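Summary of the model geometry
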Amino acid sequence: MKKTFRSLILILSLFFISLVSTNYTADIEAQDIPELHMLIVQGDILISGSPNSETDGLVLNAKIGNIIVGSVAISDQTTTSRYVSLEIGPYESLEGQMIDFYIGNQTAAESIPFGPTTPSGTYCKGCSWVLPLSVKLDLNFSTLPQATPTPVPASASPAFLTGNVIFGSVLSAPPELSVIEAYIGDELVGTGTVNGPDFSITIDPGTVEYVGKEVTFKIADVFSKSTYTFLEDDFNTDFKLFFPDYVAPTPTPTALPVPLPTSTPEPTRTPTPVPQPTATYTATPTPTPIVLTTSSDNSDSQIILEDSDTGGCNSRGGGAASLSLIVLSAAPLYLLNRRRRKS
């Protein structure tokens, strides 16, 4: 009896363990497969039935009612006039509702339900939808979308401020400061003048978008501690602006330019003319007649020899040389004549 009871307890224990193990495994398997209710849509963009490259770069929006549930740029990562990877979802509260497609102000002729569909294209409520559904859908538009005009804000009249400036504990601006500027954010909206303790400035940002915005003031790269709220057509003649103590910038020594050495131009050298020697012509002396006498007392025997440049009868054309030859030729006659006289 005890043996039978133990066997029964063992069988019931094994049955209970197997039952718990089966339920736990089912829970784990159910958790391992998360449901992702999404649509991945792609297709061509057609304008009056034809592709149009003018749609490239425009944004295609998917809407359920007035809620944009997905957007993609046309021709992004694909060919012209085509869209891919338009992800819609997950939106559990919107499942089963119709999705419309827009480019700008134009609506496509096609629309689809958000969720799985029947063969006829209607929403299939209760159909399995574990993974994202891939949908191919060409979208037809009647005309190209028109650019939405940007509204131009109305103009705003300027404001005029005048009053006093205070730098630290000094009720005046330094004498070297004469310009004040007004800024809204980083935008310059006015320029005025400073004269000792007084300032005046016109603030004119241009449009009503700036009404109510904070205006700061700057003098010599120092911003004021006090600000002004821009009002259209404001006129304030007793406005005070507080600035921190002014510290004059340290003057930067100006480096004197080093003069470059000036090259002295060398004068053009003019060649000095060298005087050429003048040819000197020496006149030929007139030959002196040589007289040969045979006796110192007797002058009737004389031999007169004369050389002539003209040639003469005794001339051989030699000049003084010819005269010497004549003298030498006459010398023997002269000696012979002297011997005769002595004998």
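Some thoughts on the side chain of threonine 55
- Considering the arrangement of structural elements, one finds threonine 55 in the loop between strand S2 (50-51) and strand S3 (59-64).
- The exposure class of threonine 55 is buried, given its relative accessible area of 0%.
- At 2.8 Å, the side chain of threonine 55 forms a polar contact with the backbone oxygen of asparagine 52.
- Residue contacts for threonine 55: discarding those within four places in its chain leaves Ile45, Ile47, Ile74, Ser81 and Leu144.

What about the packing of aromatic side chains?
- As enumerated under the stated definition, the model contains 7 aromatic pairs in all.
- Between the aromatic rings of tyrosine 228 and phenylalanine 239, the centroid separation amounts to 5.7 Å while the plane-to-plane angle is 90°, which identifies the pairing as edge-to-face. Of this pair, tyrosine 228 sits in strand S16 (residues 228-229) while phenylalanine 239 sits in strand S17 (residues 235-243), and the two are 11 residues apart along the sequence. For the pair shown, tyrosine 228 and phenylalanine 239 are each scored as buried.
- These aromatic residues form a ring-pair network of at least three members: Phe167, Phe243 and Tyr246.
- A cation sits over an aromatic face here: lysine 63 above tyrosine 102, 4.6 Å from the ring centre.
- One Lys or Arg, lysine 213, reaches over the ring of tyrosine 210 and ends 5.4 Å from the middle of that ring.

Some remarks on the pairing of strand S11 (residues 179-184)
- Note that S11 and strand S12 (residues 187-195) share 6 bridges and pair antiparallel. Bridged to alanine 182 within S12 is glycine 190.
- Here S11 hands over to S12 after 2 residues, with glycine 185 in that stretch at a positive phi of 70°.
- Across 3 bridges, the pairing between S11 and strand S14 (residues 214-219) is antiparallel. Considered in S14, the bridge of alanine 182 is made with phenylalanine 217.

Digging into the pattern of salt bridges
- One pass over the structure, following the stated rule, counts 5 salt bridges.
- The residue aspartate 138 makes a salt bridge to lysine 136 at a minimum N-O spacing of 3.5 Å.
- Accessibility expressed as a relative area gives 57% for lysine 136, which makes it exposed.
- Through salt bridges that share partners, Glu181, Lys218 and Asp221 make up one connected network.

Considering the sheet that holds strand S7 (residues 106-113)
- Reading across from one edge, S4-S3-S6-S7 is the order of the 4 strands in this open sheet, with antiparallel pairing throughout. Looking along the sheet, the strands with just one partner apiece sit at the ends: strand S4 (67-73) and S7. Taken pair by pair, the neighbouring strands of this sheet meet at an average axis angle of 25°, ignoring direction.
- Bridge count between S3 and strand S6 (residues 98-103): 4 bridges; the pairing is antiparallel. Looking at the pairing, leucine 60 lines up with isoleucine 103 of S6.

Quick look at the state of the cysteines
- For the structure on display, the rule yields 1 disulfide.
- Residue cysteine 124 pairs covalently with cysteine 127 via a disulfide, S to S 1.6 Å.
- The partly exposed category is assigned to cysteine 127, whose relative accessible area is 33%.

Focus: unusual backbone geometry
- For the bond from glycine 89 to proline 90, the omega torsion is -5°, close enough to zero to count as cis.
- For proline 90, the position within the fold is in the loop between strand S5 (82-88) and S6.
- In the Ramachandran plot, serine 48 falls in the positive-phi region, its phi being about 55° despite a non-glycine side chain.
- Mapped onto the fold, serine 48 is located in the loop between strand S1 (39-47) and S2.
- The class for serine 48 is exposed, based on a relative accessible area of 57%.
- The phi angle at alanine 220 is positive, at roughly 55°, despite the residue not being glycine.

A word on the confidence of the model for the protein
- Taken residue by residue, the protein gives an average pLDDT of 80. The fraction at 70 or more is 72%.
- This model gives residues 26-30 a pLDDT under 50, and the stretch forms 0 contacts once residues within four places in sequence are excluded.

Observations concerning the side chain of threonine 216
- Mapped onto the secondary structure, threonine 216 falls in strand S14.
- In this structure threonine 216 comes out as buried when scored by relative accessible area, which is 19%.
- Sequence-distant contacts of threonine 216, that is, excluding residues within four places in its chain, are made with Glu181, Ala182, Tyr183, Phe223, Ser224 and Thr227.

Some words on the environment of glutamate 176
- Within the fold, glutamate 176 resides in the loop between strand S10 (159-167) and S11.
- Distance from glutamate 176 to glycine 196, taken between C-alpha atoms, is 9.1 Å for residues 20 residues apart in sequence.
- Ignoring any residue separated from it by four or fewer positions in sequence, one finds glutamate 176 in contact with Tyr246 and Ala248.

Rules used in this analysis
Residues numbered from 1 in each chain as written. Predicted model: local features only at pLDDT ≥ 70, side-chain atom pairs only at ≥ 80, totals over all residues. Heavy atoms only, no water. Helix = DSSP H or I, 4+ residues; strand = E, 2+ residues; numbered from the N terminus. Buried < 20%, exposed > 50% of the residue type's maximum accessible area, 1.4 Å probe, protein only. Polar contact = N/O pair within 3.5 Å; in protein donor to acceptor, adjacent residues only side chain to side chain. Contact = heavy atoms within 4.5 Å. Phe/Tyr/Trp six-rings, centres within 6.5 Å; stacked < 30°, edge-to-face > 60°. Lys NZ or Arg CZ within 6 Å of the ring centre and 35° of its normal. Pairing = 2+ DSSP bridges. Salt bridge = Lys/Arg side-chain N within 4 Å of Asp/Glu carboxyl O. Axes fitted to C-alpha atoms, helices over the stretch in contact; angles between N-to-C directions. Disulfide = S-S within 2.5 Å. pLDDT = per-residue confidence, 0-100.

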